[in-house]
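# Working through the structure, step by step
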Amino acid sequence: MKFGFVGAGAITEAMVTGFLGSKLELSQVIVSPRSAETAARLAARFSLVQIANDNQAVVDASDVLFLAVRPQVAEDVIKALRFRQGQSIVSVIAATDRSTIGSWIDQDVELTLAIPLPFVADGEGVTAIYPPSSRVASIFSATGGTVQCETKEEYDLLAVASSLMGTYFGILDRTTEWLISKGMPASKARAYIAPLFASLSHTASKSDQATFDNIRRKFSTKGGLNEQVFDDFYRKGGTKALTDALDRVYRRIQG
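What comes next concerns the included structure.

## Digging into the pairing of strand S5 (residues 88–91)
By the alternation rule, side chains of S5 split into Ser88 and Val90 and Ile89 and Ser91, which are all buried. Inspection of the sheet shows strand S4 (residues 64–67) paired to S5 by 4 bridges, in the parallel sense. Looking at S5, one finds that Leu67 is bridged to Ser91. Tracing the backbone out of S4, into helix H4 (residues 71–79) and back to the parallel element S5 gives a crossover that is right-handed. Relative to strand S6 (residues 110–115), S5 runs parallel, the two sharing 4 bridges. What sits directly across from Ser88, in S6, is Glu110. Handedness of the β-α-β unit built from S5, helix H5 (residues 98–105) and S6 comes out right-handed.

Here it is as C-alpha cells:
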C-alpha cells in the first residue's frame, strides 16, 4: 500500500513517523516537495519515503492520499490537482468542512476528515474521523486509536476538545513557575510536574469510572487539598471561563 501526502508540515511528519513505526504494511510513502526541509528529513530517516516532483505526482502514485496543507492555501492547491474516481482521500486540513473540500476535488472520491494529533508519531494518538470508515480507522488505529464520528456535529465537538492542548501545557507551565517562585529549582519542578500529569492522564484513559467527575472525587479527600483547589477553581470562575472558551471555539468552527 502506498501513502501520499500533499503538504509536508509538522502533522505530516508526525503521521509518516507513526505510520512507518507501526505494523501497517506500506510499500512506499510519497511526500510533496513543498516544505523541503521536512520532506528531506523524512526521506533521510526512512528508506520508504520518496519526495515527489510535484503535488500531482503524489496524487497519481497514492493508494491513500492525505491532504495536509494549510487552510489558507487549501483551495488553490486542491483545485489545481486531478483526482481519480473512487480514490481514498483523507483530509487533515483544519476548519475546512467535507462538502467544501469535495467541491474543490470535483470528483467522486472516498473523502474522510481526520484530526491526527502530534502523538501519532509515537503510536499514542487518538484520531477522530468523519464519516466512519473501516479503512481509515484501521490506519489511525495503528498509531494509537480512532474515534469514528457518526455525524459532523460529533466531529466538530471533538475538534473543539482538541483545542485544550495548549491550555493543558499552560497549566503545567504556570504550576512549574509557581514552584520556582517559591524557591524550587526548575529542573526539580519539571521532573515532578510532567510525570504527575502524565500519570493522571494514564489513570483517566484506563479508568472504568462512569465519569471524570467520579475520578476527581476519588482523588479528592473530603476537606483535603485537592478538594480545596478545585473548589477555588470552580467558585472563582475557572470552569465557566473554560466552557465559555470552548463555546467560542465551537462557534468559530461552525462558522
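## Some words on the sheet that holds strand S7 (residues 125–130)
What the 8 strands build is an open sheet, ordered S3-S2-S1-S4-S5-S6-S7-S8; its pairing is mixed. The strands lining the two open edges of the sheet, one partner per strand, are strand S3 (49–51) and strand S8 (144–148). Neighbouring strand axes in the sheet, compared pairwise and without regard to direction, differ in orientation by 25 degrees on average. Note: S7 against S8, 5 bridges, orientation parallel. The residue bridging Ala128 from the neighbouring strand is Val147, located in S8. Sitting on the sheet, helix H2 (residues 36–45) touches strand S2 (28–31) and S3, and the angle it makes with S3 is about 145 degrees.

## Focus: the pattern of salt bridges
Enumeration according to the criterion identifies 10 salt bridges in this entry. We note a salt bridge from Lys79 to Glu75, for which the minimum N-O separation is 2.8 Å. Here Glu75 and Lys79 lie together in helix H4, a separation of 4 residues that amounts to about one turn. On the basis of relative accessibility, which here comes to 49%, the residue Lys79 falls in the partly exposed class.

## Digging into the nonpolar core
Core analysis: the largest hydrophobic core is formed by 28 residues, its most contacted members being Val6, Leu67, Ile78, Phe83 and Ile105. Every element with two or more residues in this core is listed here: helix H3 (55–61), S4, H4, H5, S6, S7 and helix H7 (152–162). Setting aside residues up to four positions removed in sequence, Ile105 forms contacts with Leu67, Ile78, Phe83, Ile89 and Leu111. Counting 25 residues, the second largest nonpolar core, distinct from the first, contains Ala14, Phe19, Val49 and Val120.

## Notes on unusual backbone geometry
A cis amide bond links Tyr130 with the next residue in sequence, Pro131, at an omega value of -5 degrees. Position of Pro131 among the secondary structure elements: in the loop between S7 and helix H6 (134–141). Positive phi is not limited to glycine here, since Ser35 has a value of about 60 degrees. On the secondary structure map, Ser35 appears in the loop between S2 and H2. Exposure remark for Ser35: the relative accessible area of 33% places this residue in the partly exposed category. For Ala95, which is not glycine, the phi dihedral falls at a positive 50 degrees. Secondary-structure assignment places Ala95 in the loop between S5 and H5.

Basis of the calculations
Residues numbered from 1 in each chain as written. Predicted model: local features only at pLDDT ≥ 70, side-chain atom pairs only at ≥ 80, totals over all residues. Heavy atoms only, no water. Buried < 20%, exposed > 50% of the residue type's maximum accessible area, 1.4 Å probe, protein only. Helix = DSSP H or I, 4+ residues; strand = E, 2+ residues; numbered from the N terminus. Pairing = 2+ DSSP bridges. Right-handed = clockwise from strand over helix to strand, strands pointing away. Axes fitted to C-alpha atoms, helices over the stretch in contact; angles between N-to-C directions. Contact = heavy atoms within 4.5 Å. Salt bridge = Lys/Arg side-chain N within 4 Å of Asp/Glu carboxyl O. Core = buried A, V, L, I, M, F, W, Y, C linked by side-chain atoms within 4.5 Å.

Honestly, it's all geometry; don't read function into it.
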